[in-house]
Amino acid sequence: MRVPDVDIDLFADATLDDTPRWYGALREAGAIVHLPRNGLYAVTRFDSVRAALRADSVLVSRYGVAANDVINGTPADTTLTSDGETHARRRAILTRPLRPQSLGDVGERIDAAAHALVDRLVGEPSFCGVRDFAAHLPVSIVSDLVGLEESGREHMLDWAAATFNALGPMNDRTREALARALGLIAYVRELTPERMRPGGWASGVFAEMEAGTLTPMEAGMMVVDYVAPSLDTTILATAHMLWRLGVTDGAFDALRDDPALAGSLVDETVRLSSPIREFTRFAEHDYVTDAGTVPAGNRVAVLYASANWDDRRYPNADRFVIDRNPRDHVGWGHGVHLCAGKHLARMEMEGLALALARKVRRIEVGEPVALVNNVLQGFEALPARLVAA
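What counts, and at which threshold
- Residues numbered from 1 in each chain as written.
- Predicted model: local features only at pLDDT ≥ 70, side-chain atom pairs only at ≥ 80, totals over all residues.
- Heavy atoms only, no water.
- Phe/Tyr/Trp six-rings, centres within 6.5 Å; stacked < 30°, edge-to-face > 60°.
- Helix = DSSP H or I, 4+ residues; strand = E, 2+ residues; numbered from the N terminus.
- Buried < 20%, exposed > 50% of the residue type's maximum accessible area, 1.4 Å probe, protein only.
- Core = buried A, V, L, I, M, F, W, Y, C linked by side-chain atoms within 4.5 Å.
- Contact = heavy atoms within 4.5 Å.
- Expected span 1.5 Å × (residues − 1).
- Polar contact = N/O pair within 3.5 Å; in protein donor to acceptor, adjacent residues only side chain to side chain.
- Salt bridge = Lys/Arg side-chain N within 4 Å of Asp/Glu carboxyl O.
- Pairing = 2+ DSSP bridges.
- Axes fitted to C-alpha atoms, helices over the stretch in contact; angles between N-to-C directions.
- Parallel < 35°, antiparallel > 145°, perpendicular 65-115°, else oblique.
- Left-handed = near helix turned anticlockwise from the far one by under 90°.
- Nonpolar A, V, L, I, M, F, W, Y, C, P; charged D, E, K, R; others polar.
- 1 Å grid on protein atoms, 1.4 Å probe; cavity = no way out; pocket = protein on both sides within 12 Å on 5 of 7 lines; lining within 4 Å.
- Points joined across faces, edges and corners; volume = space filled by probe spheres on them.

### Structural notes on the packing of aromatic side chains
One pair of aromatic rings is described through two measures. These are the centre distance and the angle between the planes.
In step 1: Tallied over the entire structure, the rule returns 7 aromatic pairs.
In step 2: Arranged with centres 5.1 Å apart and planes meeting at 40°, the rings of W201 and Y226 form a pair that is tilted. Residue W201 is found in helix α12 (residues 201-210), and its partner Y226 is found in helix α13 (residues 216-247); the two are separated by 25 residues along the sequence.
In step 3: The class of W201 is buried, set by a relative accessible area of 10%.
In step 4: Judged by its relative accessible area of 4%, Y226 falls in the buried class.

Written as structure tokens, this is what we have:
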């Protein structure tokens, strides 16, 4: 079967302004499509995306996950850009502090910080749902867990956003972000144990370097694995959660009546928000499917957001249904590259949801300001107000 050509630019302003519409058009065109404007193939539907993410021996990550040759050609020994035994070795070290059994004490810190934050914001006439609400736990707790020196922590948000923007094609957004994204790489290459908090995650990977388990390059780049994914994606999903609870009739009342819905709320939020639109993979061999073949040597965009919005899997997929409980969504990825920080992100979001349910009677939100980023999607700002219970 021939893969259809579709005349859509994945990264054009018009596409990013209305991604649900354009991704819907791609799904209707085929489970796999060819995008001549981008020089990419794209995987669009829920079943095809999950299958592509499991085909990690054919659609590989070690040649980079960006849509441009500059980033893909920059040496980066990260967990994300690795496969096979190398990936398994790096991931085992990366995930050690992120496993549920390792996060017990962190959970108590998150719950206490979430309740304190909601207590403070309830007294405010208005606040930004992104900067003041969603960013608080990742910046205050996660940055401390990573354990970078203060001069590094103050740049973490900017570095993370730039890193994702630099994964696009060589457009204006990518060019503007390149220097800042490469600044993160330059910073971690110069890291030494003396510049980290003892006991932090960063010092843990450098201890592995001293033991010979990681090379110096791997140890430094593993700090990137902690910094880039743990901030923006969780912040964007959390802001979306606040917005959905504010605009969806009955949703917040349902959560207040049944706080056990917090888990379903988080999954439905991550499904619909899909903070990461896509990553690319490289077809090292022909990728043969019922929907057609991607010839070896081509780059493939795996559209996580499109999969999560597929009515074939989720009826009325564009609707927010607090008790839908879509545990199989791909907002955190799927397969061997499943998000390493998934459990931590869930703890942060559930902690905030439960704090809201216990202390707030009504959530009021204004018109959000959309973030414009090659890979990330969500809100740059969100006016909000909490009415005390």
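### Considerations on the nonpolar core
Considering soluble globular proteins, one finds that nonpolar side chains tend to be buried as a cluster.
In step 1: The biggest cluster of nonpolar side chains holds 94 residues, and the ones touching the most others in it are F133, L245, L255 and L356.
In step 2: Counting residues per element, this core draws most heavily on α13, which supplies 14 residues.
In step 3: Each residue touching L255, except ones within four places of it in the same chain, is listed here: L245, L261, A262, L265, I322, A353 and A357.
In step 4: Judged by nonpolar contacts, the second largest core, of 38 residues, contains V58, V65, A177 and Y287.

### Points about helix α11 (residues 172-189)
In step 1: For α11, built from 18 residues, the straight-helix expectation of 26 Å at 1.5 Å per residue is met to within 8% by its first-to-last C-alpha distance of 27 Å.
In step 2: Taken together, the buried positions of α11 are R173, T174, A177, L178, A181, L184, I185, Y187 and V188.
In step 3: At the N-terminal boundary of α11, the capping side chain belongs to N171, with an oxygen 3.2 Å from the backbone nitrogen of R173.

### Observations regarding the pattern of salt bridges
In step 1: Across all of its chains, the model carries 26 salt bridges by this definition.
In step 2: Linking R62 and D83 is a salt bridge whose minimum nitrogen-to-oxygen distance equals 3.1 Å. Of this pair, R62 sits in the loop between β3 (59-60) and α4 (69-72) while D83 sits in the loop between α4 and α5 (84-94), placing them 21 residues apart in sequence.
In step 3: R62 gets classed as partly exposed once you look at its relative accessible area, which sits at 41%.
In step 4: The exposure class assigned to D83 is buried, which follows from its relative accessible area of 11%.
In step 5: Note that R313 and D328 form a salt bridge whose closest N and O atoms lie 2.5 Å from each other. With R313 in the loop between α16 (304-308) and α17 (342-359) and D328 in the loop between α16 and α17, this residue pair connects regions lying 15 residues apart in the sequence.
In step 6: Judged by relative accessible area, which is 37%, R313 ranks as partly exposed.

### Re unusual backbone geometry
In step 1: You will see that S274, though not glycine, has its phi angle at about 35°, which is positive.
In step 2: Non-glycine residue N325 carries a positive phi angle of around 55°.
In step 3: Its location among the elements puts N325 in the loop between α16 and α17.

### Let's talk about the sheet that holds strand β4 (residues 127-128)
In step 1: The antiparallel open sheet is built from 3 strands, whose spatial order is β4-β12-β9. Each of the sheet's edge strands pairs with one partner strand only, and the pair in question is β4 and β9 (360-365).
In step 2: Across 5 bridges, the pairing between β9 and strand β12 (residues 383-388) is antiparallel. Directly across from R362, in β12, lies its bridge partner V387.
In step 3: Contacts between helix α6 (residues 104-122) and the sheet are confined to β4, β9 and β12, with β12 contributing the most and set at about 95° to the helix.

### Looking at the environment of L53
In step 1: Relative to the assigned elements, L53 resides in helix α3 (residues 46-54).
In step 2: Residues L53 and G335 lie 282 residues apart in sequence; the distance between their C-alpha atoms is 5.7 Å.
In step 3: When near neighbours in sequence (up to four residues on either side) are disregarded, L53 contacts R281, V302, Y304, G333, H334 and G335.

### A look at the packing of α6 against α17
In step 1: Between α6 and α17, the least distance of the axes is 9 Å, while the angle of their chain directions is 40°. Taken together, α6 and α17 sit at an angle that is classed as oblique. As α6 packs across α17, the resulting crossing turns out to be right-handed. Contact residues: α6 offers V106, G107, I110, D111, A114, H115, L117, V118, D119 and V122, while α17 offers L344, M347, E348, G351, L352, A355, L356, R358 and K359.
In step 2: Partitioned by chemical class, the residues of the contact of α6 with α17 number 11 nonpolar, 3 polar and 5 charged.

### Topic: the packing of helix α15 (residues 262-273) against α17
In step 1: At their nearest, the axes of α15 and α17 sit 9 Å apart, and the two run at 120° to each other. When the interaxial angle is binned, α15 and α17 end up oblique. Once α15 is placed against α17, the crossing between them reads as right-handed. In this structure, α15 uses A262, G263, L265, V266, D267, T269 and V270 to contact α17, whose residues at the interface are R346, M349, E350, A353 and L354.
In step 2: Partitioned by chemical class, the residues of the contact of α15 with α17 number 7 nonpolar, 2 polar and 3 charged.

### Thoughts on the layout of surface pockets
In step 1: There is about 550 Å³ of room inside the second largest pocket.
In step 2: Along the wall of the second largest pocket there are 22 residues; nearest its centre are P20, H240, L272, W309 and Q377.
In step 3: If you list the elements that add at least two residues to the lining of the second largest pocket, you get α1 (13-17), α2 (19-29), α13 and α15.
In step 4: Class assignment for the residues of the lining of the second largest pocket results in 11 nonpolar, 5 polar and 6 charged.

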